[in-house]
Amino acid sequence: MNVHDEDIHEELNDQVEIAQQIQEQTDDAPVAPLAGVVYGDTIYWITVAGAVITLLGQIWSFVAQSNYMSPTYVLSSIWQGKNVDEIWSAVGGVPNGHWYLPHLWTGDGLTMAGLALGVFGVTPAIFASALVLYRQGQRLFGSLAVIAGLITVLALTGVMGGLIPE
Amino acid sequence: MASLLKRVPELTFLIVLTIVAYGIMGSFNELAGTEILSPTGAWGIIVGSFVLSTIIAIVAVVGGVGGGVLFTPVMLGFTSVDTLLIRSTGLVVAMFSGLVSSGPFMRKGLADIRIVFYCAIPIVVGGVAGSLTAIYMADAMGANGDAIVRLLLGVILVFIALMFILGGSNTEYPVPKKLDKLSELMNLKSSYYEESLGKTVHYRVVRPLLGFALFGVVGFTGGFFGLGGGWAVVPVMNLVMAVPLKISAASSGVLLAMGNAAAIWPYIVGGSLIAVFAAPWMIGQVIGGILGAHILARVKAAFVRNILIVLLLLTSLKLISRGIETLTGIDIPLL
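Remember, it's a predicted structure, so these values are computed and weren't measured experimentally.

Asker: Explain the overall build of chain A to me, please; I cannot follow it from the model alone.
Answerer: The secondary structure content of chain A amounts to seven helices and zero strands. In chain A, the succession of helices and strands from N to C terminus is α-α-α-α-α-α-α. Of all intrachain contacts in chain A linking residues separated by at least 6 positions in sequence, the fraction that spans at least 24 positions is 67%.

Structure (structure tokens):
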């Protein structure tokens, strides 16, 4: 048997071994892992809540005429190809940080808050799922989840914005 | 559809609320018009964006590619909207269908949370780095930067379309040829109930190190172009890590939503995400995402994938021509 034949033989053995390992698993309909369900449900309901707030903000924008920036001005500017600096110049320049929080009573402020809430949902979902993984003894994946969660926290606090060169 | 609305009351609630909301906005519109846009025109843009977003979300979730793959290139290719705004809104389109579909996917066991967390780190880090670079480039390079972005994105889209074509239809339930030491150590194996076959499918992840590195590149590209990264997650999981196609598509949606949730904060904090423009896209993604997640459990993704290939190739043509036009001043008569 030459070297080439040995390689093929070894590869075939590997394939048989993998097939056996897969076959050894039970064929019952599997139960969805708890860590996944906790993650999915947390995000799901926060996103739905965010969507509802966004819709209410949109109604407020159109009906109450209470906006940080006029929606028709913003949409006109966007379709004219104006950039972010030009659009925000109407209110004195591009805001830094979470501008919508002090403007929650305005239509666009509330709309932005709904969007941000939907995005934020990922962070508690990751940490809740990490907790379940740790409790199940899956420390590697629990730790990976915590790292991912910490990165999203850094991003939402605006720390990462400071990395943009001037 | 009727049974789905019964089984998922929150979906019914959202659809009814959206119809009522847009009805009220249309009927009691108090906005002041501008020179180029009437109040009714503004309402039309909002409703049109919502409808388009819902359709994109359904296609994106079933295909596991993320809506940004469709939204960003089409907007860059066919409108004069600022690239930074398109990319920030592209992330909204890319992530919200993935966020909301996480619930149904996890409950059905279609998405694997351990795979998601393993791939999340490089995607998240790459995504944030990509979006920071995009914001820096927009400030530093102006119109030429715009053209370069369009040109590069066009080339990337051709590459993505080729991956979908070459990946073919024989990848639904891959069986790994060899187990490396790391994959044995991590023991990333699981199973799920395949509704379309009526039986349980078992799988095992291989080549985790190569997958990890590739996801870093995917994250950066997704954050930079506002594509969301979903375009390459399915091929990497399926073709490189031997994850079944349906698990890849579902996990991809969950994963890209997680990555984009980090990537989008620099845009939000920096004022580059405009609420009135992004909101209808978000609502469409949420409703379309829930619908798509329930459809995915029943259908094969091959049909949607073929549609995507055609769309990607057409859009890449337009993007490349617009990029060359701006850089060289030569007019290319396309569409």
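Asker: Just checking my understanding: could you explain the overall build of chain B for this structure?
Answerer: Along its length, chain B carries 13 helices and two strands. Classification of the 335 residues of chain B by burial places 59% in the buried group. Long-range pairs, those at least 24 residues apart, make up 82% of the contacts in chain B between residues at least 6 apart in sequence.

Asker: What exactly am I supposed to notice about the packing of helix 2 (residues 34–63) of chain A against helix 5 (residues 83–108) of chain B here?
Answerer: Each pair of packed helices gets described by two things: the angle between the helix axes and the distance between those axes. Packing of helix 2 of chain A against helix 5 of chain B brings their axes to within 7 Å, and their N-to-C directions diverge by 140°. The angle between the axes of helix 2 of chain A and helix 5 of chain B places the two elements in the oblique class. Of the two elements, helix 2 of chain A crosses helix 5 of chain B, and the hand of that crossing is left-handed. Contacts between helix 2 of chain A and helix 5 of chain B involve A:Gly36, A:Val37, A:Tyr39, A:Gly40, A:Asp41, A:Ile43, A:Tyr44 and A:Thr47 from the former and B:Phe96, B:Leu99, B:Val100, B:Ser102, B:Gly103, B:Phe105, B:Met106 and B:Arg107 from the latter. Its residues placed into classes, the contact of helix 2 of chain A with helix 5 of chain B shows nine nonpolar, five polar and two charged.

Asker: Would you mind showing me how to read the interface of chain A and chain B here?
Answerer: For an interface, size is often stated in terms of accessible area lost upon the parts coming together. Every contact between the two is made by 79 residues of chain A and, on the other side, 82 residues of chain B. Put simply, the parts of the chain that give the side of chain A that touches chain B at least two residues each are helix 1 (3–24), helix 2, helix 3 (71–79), helix 4 (84–88), helix 5 (107–120), helix 6 (122–135) and helix 7 (139–156) of chain A. It is helix 2 of chain A that contributes the most residues to the side of chain A that touches chain B, 19 residues altogether. The residue inventory of the side of chain A that touches chain B, partitioned by class, reads 48 nonpolar, 24 polar and seven charged.

Asker: In this structure, what is going on with the pairing of strand 2 (residues 199–204) of chain B? I would like to understand it.
Answerer: Looking along a regular strand, one sees the side chains alternate between the two faces of the sheet. All names here are of chain B. Across six bridges, the pairing between strand 1 (residues 189–194) and strand 2 is antiparallel. In the sheet register, Ser-190 faces strand 2, and the bridge partner there is Tyr-203. Two successive antiparallel strands, strand 1 and strand 2, enclose a turn made up of four residues, where Gly-198 displays a positive phi of approximately 75°.

Asker: Hey, could you run me through the environment of B:Gly323 in this one?
Answerer: Residues and elements named next belong to chain B. Among the secondary structure elements, Gly-323 is positioned in helix 13 (residues 302–328). When the 23 C-beta atoms within 10 Å are taken as the criterion, Gly-323 is described as buried. With 237 residues separating them in the primary sequence, Gly-323 and Ile-86 have C-alpha atoms 16 Å apart. Once residues lying within four places of it in the same chain are set aside, the contact partners of Gly-323 are Ala-147, Ile-148, Arg-150, Leu-151 and Gly-154.

Definitions and limits used
- Residues numbered from 1 in each chain as written.
- Chains lettered and ligands numbered in written order.
- Predicted model: local features only at pLDDT ≥ 70, side-chain atom pairs only at ≥ 80, totals over all residues.
- Helix = DSSP H or I, 4+ residues; strand = E, 2+ residues; numbered from the N terminus.
- Contact = placed C-beta atoms within 7 Å.
- Buried ≥ 20, exposed ≤ 12 C-beta atoms within 10 Å, placed from the backbone.
- Axes fitted to C-alpha atoms, helices over the stretch in contact; angles between N-to-C directions.
- Parallel < 35°, antiparallel > 145°, perpendicular 65-115°, else oblique.
- Left-handed = near helix turned anticlockwise from the far one by under 90°.
- Nonpolar A, V, L, I, M, F, W, Y, C, P; charged D, E, K, R; others polar.
- Pairing = 2+ DSSP bridges.

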